[in-house]
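# Tertiary structure, described
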Amino acid sequence: MFYYNLLSIILALSVFLLGYALGRRVGKKEGISEGIALIPIEWRKQMLETSICPLCRKKLNTYVNYDNINNRE
């Protein structure tokens, strides 16, 4: 009877660990694919907020309106 209980405990732990390992592997793959999909959006947001390219760290050209029509002086 002792061996039957020990065997069932070992079997339950092995099933739990197998499910944990498979779930972790699937979760990592989903996380990587989601990160690949979201990184261009984050780079664009950062570029628009700071006017600095996140890849090369150069300051981007800023648009200045020199048109006299909009100046009300």
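Structure shown above.
My aim in this report is to walk through the structure given alongside it, one point at a time. Given the structure is predicted, the values throughout are model-derived calculations rather than measurements.

So, on to the overall build of the protein chain. The helix and strand tally for the protein chain stands at one helix and zero strands. Per-residue burial for the protein chain yields a buried fraction of 3% across its 73 residues. Surface accessibility of the protein chain: about 7300 Å² in total, with carbon and sulfur atoms responsible for 64%.

Moving on, we come to the state of the cysteines. Tallied over the full model, the rule gives zero disulfides. As a non-bridged cysteine, C53 has C56 as the owner of its nearest cysteine sulfur, 3.5 Å distant.

Moving on: helix α1 (residues 2-50). One full turn of an α-helix is made of 3.6 residues, so residues set three or four places apart face in the same direction. With 49 residues, α1 extends 67 Å from end C-alpha to end C-alpha; this agrees with the ideal 72 Å at 1.5 Å per step. Of all the bends in α1, the greatest, near 35 degrees, is centred on L38, and the proline P40 appears no more than four residues after it. Of the residues flanking the end of α1, it is S51, one or two places downstream, whose phi is positive at about 60 degrees.

A few words now on unusual backbone geometry. For S51, which is not glycine, the phi torsion reads 60 degrees and is therefore positive. By the element assignment, S51 lies in the segment after α1. The backbone of R57 sits at a positive phi, close to 60 degrees, despite the residue not being glycine. By the element assignment, R57 lies in the segment after α1.

On to the packing of aromatic side chains. Aromatic ring pairs are defined here through the distance separating the ring centres and the angle between the ring planes. The full count for this structure, using the stated rule, is one aromatic pair. Both rings, one in F2 and one in Y3, keep their centres 5.8 Å apart while their planes meet at 65 degrees; by these two values the pair is edge-to-face. The exposure class of F2 is exposed, given its relative accessible area of 59%. The exposure class assigned to Y3 is exposed, which follows from its relative accessible area of 66%.

Looking at the secondary structure, you find T50 in helix α1. Along the sequence, T50 and L60 sit 10 residues apart, while their C-alpha atoms lie 9.2 Å from each other. Within the local environment of T50, its side chain forms a polar contact with the backbone oxygen of Q46, the two atoms lying 2.8 Å apart.

Moving on: the environment of P54. Mapped onto the elements of the fold, P54 is located in the segment after α1. Put simply, P54 and R44 are 10 residues apart on the chain and 8.5 Å apart in space, counted from C-alpha to C-alpha.

Calculation criteria
Counting from 1, residues in each chain are numbered in the order their sequence is written. In keeping with the predicted nature of the model, local features appear solely for residues at pLDDT of at least 70, side-chain atom pairs appear and are counted solely at 80 or more, and the whole-chain, interface and lining totals rest on all residues. Computation of side-chain values covers all heavy atoms of the structure but excludes hydrogens and water. A helix here means a DSSP run of H or I that spans at least four residues, while a strand means a run of E at least two residues long, and both kinds are numbered starting from the N terminus. In this scheme, a residue with accessible area under 20% of its type's maximum is buried, one over 50% is exposed, and one in between is partly exposed, where area comes from a 1.4 Å probe on protein chains only. Each accessible area is a Shrake-Rupley result for a 1.4 Å probe, and residues are judged covered by the shown protein chains and nothing else. Two cysteine sulfurs form a disulfide in these notes if their separation is within 2.5 Å. To estimate how far a helix should extend, the number of its residues minus one is multiplied by 1.5 Å. The bend reported for a residue corresponds to the angle between axes fitted to the seven residues ending at that residue and the seven starting there. Each pair of aromatic rings taken from Phe, Tyr and Trp, with Trp reduced to its six-membered ring, is defined by centres within 6.5 Å and is described as stacked if the planes are under 30 degrees apart, edge-to-face if over 60, and tilted in the remaining cases. Polar contact is defined as a pair of N or O atoms within 3.5 Å, subject to the rule that within protein one atom must be able to donate a hydrogen and the other to accept it, and that residues adjacent in sequence are counted only when both atoms are side-chain atoms.

That's the geometry; what it means functionally is another story.
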